[in-house]
Amino acid sequence: EPIVVRPRASRGALIARLLTAVVILGALVGAGFIALQWEPRLLPIRVVTIDGEMRGLSKQSLQQTIDAHIHGGILTQDLVQLKAEVEALPWIHAASVRRVWPDRIVFNVREHEAIARWGENGLVTADGIVFRPRDGRLPAGLPRLDGADDMAAEVVERFQRWHPRLAELGLIIDGVTRDARGDWSLMLLGGTELYLGTAEIDTRFKRLLAAYPQVEAIGIPIRIDLRYSNGFAVRWLPRANARARSDRVAAIKPGERS
């Protein structure tokens, strides 16, 4: 069979091809660099629209956060990063962002809805999400819940369950606390303190509901301690015309406190 001999490319030809590829690649990189430099000027973001009801965070504060993180034009702006920066704000529950040709970015935001204060400087939602406004401003008139942040969902759940039951007796919860030992206590509007302890919380709460009309018939309670196995202790507001009973404590079926 005849032997076919293919001519080899010369070294000069290989170098020429390599140089051509390098030149083309450099041109592409250069063109991309120029495009990145000029794109914000040729296709700038001129309008930022914010949709969504806002009560806790002002639109001005949100606008300032957005302006600080806009880098690039309408095509090169990193929307994922913008969304992350907005959602990192304490009041923001969720956000979406989209481009609108030729020069607009539209945000849709949804805020957390606080149902109570949380501790000294926080707020909590109905889902037990704790957040702390950076400016320290807290809405007035909210009840105060307290405890470790990881217990917020349980504290909120009990508050929402207890609030309507006490309201039927004309009582309003002003605060609920679960301390580090697991002790539950409530503060009612007007100053009455309720102590439920750590065990049989629901049973003790039902005992309170059943007996409260009897307690109120005697006087205005300022402290009700339900941390007993089969009863509770009450301290009433002192009466001006009963000096001997100005600071009395009555126990109803006292048992072992826990």
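Right above here is the structure, for reference.
All of the points below concern the structure found in this document. (Residues numbered from 1 in each chain as written. Predicted model: local features only at pLDDT ≥ 70, side-chain atom pairs only at ≥ 80, totals over all residues. Heavy atoms only, no water.)

Looking at the overall build of the chain
Within the chain one finds five helices and 13 strands. For the chain, buried positions account for 33% of its 258 residues. In the chain, the proportion of contacts linking residues at least 24 apart, taken out of those at least 6 apart, comes to 46%. Here the chain has roughly 16100 Å² of accessible surface; of this, 55% comes from carbon and sulfur atoms. (Helix = DSSP H or I, 4+ residues; strand = E, 2+ residues; numbered from the N terminus. Buried < 20%, exposed > 50% of the residue type's maximum accessible area, 1.4 Å probe, protein only. Contact = heavy atoms within 4.5 Å. Areas by Shrake-Rupley, 256 points an atom, 1.4 Å probe, with all protein chains shown as cover.)

Observations regarding helix H5 (residues 201–218)
Here H5 is 18 residues long and its end C-alpha atoms lie 25 Å apart, about the 26 Å a rise of 1.5 Å per residue gives. At Ala211, H5 shows its maximal kink, close to 50°; a proline, Pro213, follows between one and four residues later. Within H5 the residues assigned to the buried category are Ile201, Arg204, Phe205, Arg207, Leu208, Leu209, Ala211, Tyr212 and Val215. Those residues of H5 that are buried are in contact with helix H4 (152–167), strand E9 (184–188), strand E10 (193–197), strand E11 (221–225) and strand E12 (232–236). (Expected span 1.5 Å × (residues − 1). Bend = angle between axes of the 7 residues up to and from the residue.)

Some points on the nonpolar core
Core analysis: the largest hydrophobic core is formed by 30 residues, its most contacted members being Leu145, Trp162, Leu166, Val176 and Ile224. For this core, the secondary structure elements donating two or more residues are strand E4 (114–118), H4, strand E8 (173–178), E9, E10, H5 and E12. If you tally residues by element for this core, the top one is H5, at seven residues. If sequence neighbours within four positions are ignored, Trp162 has contacts with Ile173, Val176, Trp184, Leu186, Leu196, Ile201, Asp202 and Phe205. (Core = buried A, V, L, I, M, F, W, Y, C linked by side-chain atoms within 4.5 Å.)

Observations concerning the sheet that holds strand E1 (residues 47–51)
If you walk across this open sheet you meet the three strands as E1-E3-E2, and the pairing is mixed. With one partner strand each, in any of the chains shown, E1 and strand E2 (92–100) form the two edges of the open sheet. Adjacent strand axes in the sheet meet at a mean angle of 20° when their direction is disregarded. Here E1 pairs with strand E3 (residues 104–111) via five bridges, running parallel. Residue pairing across strands places Asp51 opposite Asn108, the latter belonging to E3. Sheet contacts for helix H3 (residues 79–87): E2 and E3; angle to E2, the most-contacted strand, approximately 155°. (Pairing = 2+ DSSP bridges. Axes fitted to C-alpha atoms, helices over the stretch in contact; angles between N-to-C directions.)

Re the packing of H4 against H5
Packing of H4 against H5 brings their axes to within 11 Å, and their N-to-C directions diverge by 15°. Compared by their axis directions, H4 and H5 come out roughly parallel. Relative to H5, the crossing made by H4 is right-handed. The residues of H5 that touch H4, namely those facing Arg158, Arg161, Trp162, Arg165 and Leu166, are Ile201, Asp202, Phe205, Leu208 and Leu209. In terms of residue class, the contact of H4 with H5 is made up of six nonpolar, no polar and four charged. (Parallel < 35°, antiparallel > 145°, perpendicular 65-115°, else oblique. Left-handed = near helix turned anticlockwise from the far one by under 90°. Nonpolar A, V, L, I, M, F, W, Y, C, P; charged D, E, K, R; others polar.)

A few points about H3
Listed as buried for H3 are Leu79, Leu82 and Val86. Seen from one end, H3 has its buried residues packed into an arc of 60°, which puts them on one side. Close packing links the buried residues of H3 with helix H2 (59–68), E2 and E3. At the N-terminal boundary of H3, the capping side chain belongs to Asp78, with an oxygen 3.1 Å from the backbone nitrogen of Val80. (Arc of directions from axis to C-beta. Polar contact = N/O pair within 3.5 Å; in protein donor to acceptor, adjacent residues only side chain to side chain.)

What to know about the pairing of E12
In regular strands, side chains alternate between the two faces of the sheet. Across the five residues that make up E12, a large majority, four, are buried. Relative to E12, E11 is paired through four bridges, and the arrangement is antiparallel. Opposite Arg223, over in E12, you have Arg235 as the bridge partner.

So, the pairing of E11
The sheet contact formed by E10 and E11 spans three bridges and is parallel. Considered in E11, the bridge of Tyr195 is made with Asp225. Where the polypeptide runs from E10 across H5 and back to E11, its parallel neighbour, the crossover connection is left-handed. The loop that links E11 with its antiparallel partner E12 comprises six residues. (Right-handed = clockwise from strand over helix to strand, strands pointing away.)

Quick word on the environment of Gly175
Topologically, Gly175 is positioned in strand E8. When its relative accessible area of 9% is taken as the criterion, Gly175 is described as buried. Taking the C-alpha atoms as reference, Gly175 lies 4.9 Å from Met187; in sequence the two are twelve residues apart.

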